[in-house]
Amino acid sequence: MSHHETMTSYAEAWNAHDADRVAEHFSEGGIRHWMAVNSPMIGGPTRFWGREEIREVVQAFIDALPDLTVEFEVLAETDWGGVAEWRVRGTHTGAWGRWAGQGEDVDLPGMSVYRISVGGIVEARMDFDPDRMARNWAVPMGALMGMGVQTFKQSRAARKALATASAADDAA
């Protein structure tokens, strides 16, 4: 299987909502990194080692967004693997880490770098903007204020202020 076919099959496994198939794309000792490591918005580990840990975190994400779709907007194959710009869309209805699903629409772009060998994906480095999650999802109060995992739904004014600040940051 070419690297392009591996990455395409990987996205298809996500879209089938099949955590076992997603994990099977990794080599036995494969690693999946979330590169959004310094954000208080992401609770818990950011590196997952081996198929079982990868399967567990993928299943948790699928449970949180049961209608999720993954679209590769750009896919580039290299001799060592490939790079993909992707977009995840869905409805956040289940718990995921500190995030309690409250029916929010998710539209999360990101990019991944894949190192691939004969045994599968050796390493996947996924980069996304966790602050964009905060603008789209119910913000975990604990992440913002050092309190428990209690959540609150932002008011329309707060969401608008976040969107305006984000647009200003994007324009700068």
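Comments concerning the environment of Phe-26
Take Phe-26: it is sitting in strand S1 (residues 26–34). Along the chain, Phe-26 and Gly-50 lie 24 residues apart, while their C-alpha atoms are 7.6 Å from each other. For Phe-26, the contacting residues outside a window of four places in its chain are Tyr-10, Ile-31, Arg-32, Arg-51, Ile-54, Gly-119, Gly-120, Ile-121 and Ala-124.

Looking at the side chain of Ser-112
With respect to the secondary-structure elements, Ser-112 resides in strand S5 (residues 104–117). One polar contact links Ser-112 to Trp-86, side chain to side chain, over a distance of 2.9 Å. Residues in contact with Ser-112, not counting those within four places in the same chain, are Gly-82, Val-83, Ala-84, Trp-86, Arg-125 and Met-126.

Describing the confidence of the model for the protein chain
When pLDDT is averaged across the protein chain, the result is 79; 68% of the residues are at 70 or more. Put simply, strand S8 (residues 151–152) is where the protein chain has its lowest mean pLDDT, 33, and helix H2 (residues 19–24) is where it has its highest, 98. This stretch, residues 141–159, has a pLDDT under 50; its non-local contacts, to residues over four places away or in other chains, come to 39 contacts.

Structural notes on the sheet that holds strand S6 (residues 120–128)
The strand order S2-S1-S6-S5-S4-S3 describes an open sheet built from six strands, whose pairing is mixed. What marks the edges here is a single partner per strand, and that holds for strand S2 (47–49) and strand S3 (69–77). Strand-to-strand, the axes of this sheet are offset by a mean angle of 20°, without reference to chain direction. Relative to strand S4 (residues 81–92), S3 is paired through eight bridges, and the arrangement is antiparallel. Residue pairing across strands places Val-74 opposite Glu-85, the latter belonging to S4.

Description of empty space enclosed by the protein
In the structure shown here, the tally under the stated rule is one cavity of 30 Å³ or more. Lining the largest cavity are 21 residues, with Trp-14, Arg-32, Trp-86, Val-88 and Met-126 sitting closest to its centre. Elements supplying a minimum of two residues to the lining of the largest cavity: helix H1 (3–15), S1, helix H3 (50–64), S3, S4, S5 and S6. Across the lining of the largest cavity, the residue classes tally to 19 nonpolar, one polar and one charged.

So, how was this worked out
Residues numbered from 1 in each chain as written. Predicted model: local features only at pLDDT ≥ 70, side-chain atom pairs only at ≥ 80, totals over all residues. Heavy atoms only, no water. Helix = DSSP H or I, 4+ residues; strand = E, 2+ residues; numbered from the N terminus. Contact = heavy atoms within 4.5 Å. Polar contact = N/O pair within 3.5 Å; in protein donor to acceptor, adjacent residues only side chain to side chain. pLDDT = per-residue confidence, 0-100. Pairing = 2+ DSSP bridges. Axes fitted to C-alpha atoms, helices over the stretch in contact; angles between N-to-C directions. 1 Å grid on protein atoms, 1.4 Å probe; cavity = no way out; pocket = protein on both sides within 12 Å on 5 of 7 lines; lining within 4 Å. Points joined across faces, edges and corners; volume = space filled by probe spheres on them. Nonpolar A, V, L, I, M, F, W, Y, C, P; charged D, E, K, R; others polar.

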